[in-house]
Amino acid sequence: MKLDNVIATRTNKKIYRDGDKCIKVFDVGYSKADILNEALNQARIEETNLNIPKILGVTMIGEQWAIVSEFIEGKTLAQLFKENPDKFDEYLEMLVDLQISVHNEKAPLLNKLKDKMNRKISMSELDATTRYELHTRLEGMPKHNKVCHGDFNPSNIIIANDGTPYILDWSHATQGNASADVARTYLLFCLEGKQDVADKYLDLFCKKSDTAKQYIQKWMPIVAASQSVKGNAHEREFLLSWVNVVDYE
């Protein structure tokens with residue numbers, strides 16, 4: 001494998017292209033369990049009807065773990081949004097349709113979303129009373145078993161040269177309530193300072209999926225709290241503000 005063509009740099013990892021292969025190389029010391037879980041998630045999703053790059057191997061390069069998968073030639077939806085602002089509505093509709101197609105799938109061996117969120121809320125910097133309120137609200141939410149991507153945003157969607165959309169990065173995938181996944185995407189747009197896009201996205205998703213906006217908004221503080229565990233200080237402050245402004249029922 002040749003590692004001379006870097007196509008993306010992320011926190012704790014670098015992504016390379018070698019011909020028709022994509023090689024994600026993790027920093028030394030990155031959790032082996034998390035890397036193997038990401039590969040397993042992707043393998044589970046390969047068994048659904050979704051278009052995703054197939055896993056070709058998990059290996060070590062020197063002292064670093066790497067996941068090798070198919071390279072999909074094309075442009076991310078994020079690139080297309082930037083390059084063709086006149087097609088904003090068309091691309092937003094594609095984003096929502098793809099997310100709904102994810103939620104229509106089942107992968108019964110994926111980790112449970114509620115378990116992951118309960119664990120993350122317990123790890124957060126919130127005080128005990130707020131954590132208790134969040135755990136209680138989470139337990140009261142309807143239990144579903146839909147595939148949830150966990151980081152569904154335009155940069156994780158590649159439109160191949162033949163027009164086929166592929167969904168990347170299944171490291172956060174779980175099974176659970178789709179509205180939590182939608183709340184996560186909404187907050188991702190907000191974190192990028194795109195409040196107007198976040199609002200349009202939420203309105204369109206609710207319309208297409210016939211979901212009450214209030215129902216997704218109930219998930220916002222839970223998702224914000226669970227996401228506050230990672231990320232930089234600015235992101236944590238923003239996410240925790242979503243937790244604190246909500247009145248619990």
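Residues numbered from 1 in each chain as written. Predicted model: local features only at pLDDT ≥ 70, side-chain atom pairs only at ≥ 80, totals over all residues. Heavy atoms only, no water.

J.: In this structure, what is going on with the environment of Arg-184? I would like to understand it.
T.: You can see Arg-184 is positioned in helix α6 (residues 178-191). Exposure remark for Arg-184: the relative accessible area of 8% places this residue in the buried category. Expressed as a C-alpha distance, the spacing of Arg-184 and Leu-98, which sit 86 residues apart in the sequence, is 15 Å. Discounting chain neighbours no more than four positions away, the residues touching Arg-184 are Gly-150, Asp-151, Val-223, Gln-227 and Lys-230. (Helix = DSSP H or I, 4+ residues; strand = E, 2+ residues; numbered from the N terminus. Buried < 20%, exposed > 50% of the residue type's maximum accessible area, 1.4 Å probe, protein only. Contact = heavy atoms within 4.5 Å.)

J.: Help me understand the packing of aromatic side chains in this model?
T.: Tallied over the entire structure, the rule returns six aromatic pairs. Seen from their ring centres, Phe-26 and Tyr-30 are 4.8 Å apart, and the 45° between their planes marks the pair as tilted. Residue class for Phe-26 comes out buried when judged on its relative accessible area of 0%. Taking the relative accessible area as the measure of exposure, Tyr-30 reaches 24% and is therefore partly exposed. Look at Tyr-201 and Phe-205: their rings are 6.4 Å apart centre to centre, the planes differ by 45°, and that puts the pair in the tilted class. Residue Tyr-201 and its partner Phe-205 are both found in helix α7 (residues 195-209); the two are separated by four residues, about one turn of the helix. For Tyr-201, a relative accessible area of 0% puts it in the buried group. (Phe/Tyr/Trp six-rings, centres within 6.5 Å; stacked < 30°, edge-to-face > 60°.)

J.: Would you mind showing me how to read the sheet that holds strand β4 (residues 55-61) here?
T.: Overall, antiparallel pairing links the five strands, which are arranged β1-β2-β3-β5-β4 in an open sheet. Pairing within the sheet leaves two strands with one partner each, and these edge strands are β1 (6-10) and β4. Each strand axis lies, on average, 20° off the axis of its neighbour in the sheet, ignoring direction. Examined bridge by bridge, β4 and strand β5 (residues 64-70) share six bridges and lie antiparallel to one another. Residue pairing in the sheet places Val-58 in a bridge with Ile-67 of β5. Here helix α1 (residues 32-46) sits on the sheet in contact with β3 (21-26), β4 and β5, set at roughly 15° to β5. (Pairing = 2+ DSSP bridges. Axes fitted to C-alpha atoms, helices over the stretch in contact; angles between N-to-C directions.)

J.: Any chance you could explain the pairing of β1 here in plain terms?
T.: Both faces of the sheet carry side chains from a regular strand, because those side chains alternate between them. Sheet topology places β1 next to strand β2 (residues 13-18); four bridges connect them, and they run antiparallel. Bridge assignment links Thr-9 to a residue of β2, and that residue is Lys-14. Between β1 and β2, which follow one another and run antiparallel, lie two residues, and Asn-12 among them has a positive phi close to 70°.

J.: When you look at unusual backbone geometry in this model, what are you seeing that I'm missing?
T.: As a rule of thumb, non-glycine residues mostly have phi less than zero, and peptide bonds are mostly trans rather than cis. The phi dihedral of Asn-12 is positive, around 70°, even though this residue is not glycine. Note that Asn-12 resides in the loop between β1 and β2. Not every positive phi belongs to a glycine, and Asp-210 is a case in point at roughly 55°. Look at Asp-210 and you get exposed, because its relative accessible area is 72%.

J.: Would you explain the sheet that holds strand β6 (residues 74-76) in this entry?
T.: Each strand in a sheet pairs with another by means of backbone hydrogen bonds, the pair being arranged parallel or else antiparallel. The antiparallel open sheet is built from three strands, whose spatial order is β6-β8-β9. Where the open sheet ends on each side, the last strands, each with one partner, are β6 and β9 (165-167). Geometrically, the sheet is characterised by an average inter-axis angle of 30° between neighbouring strands, direction not taken into account. Across three bridges, the pairing between β6 and strand β8 (residues 157-160) is antiparallel. Across the sheet, the residue bridging to Thr-76 is Ile-158, located in β8.

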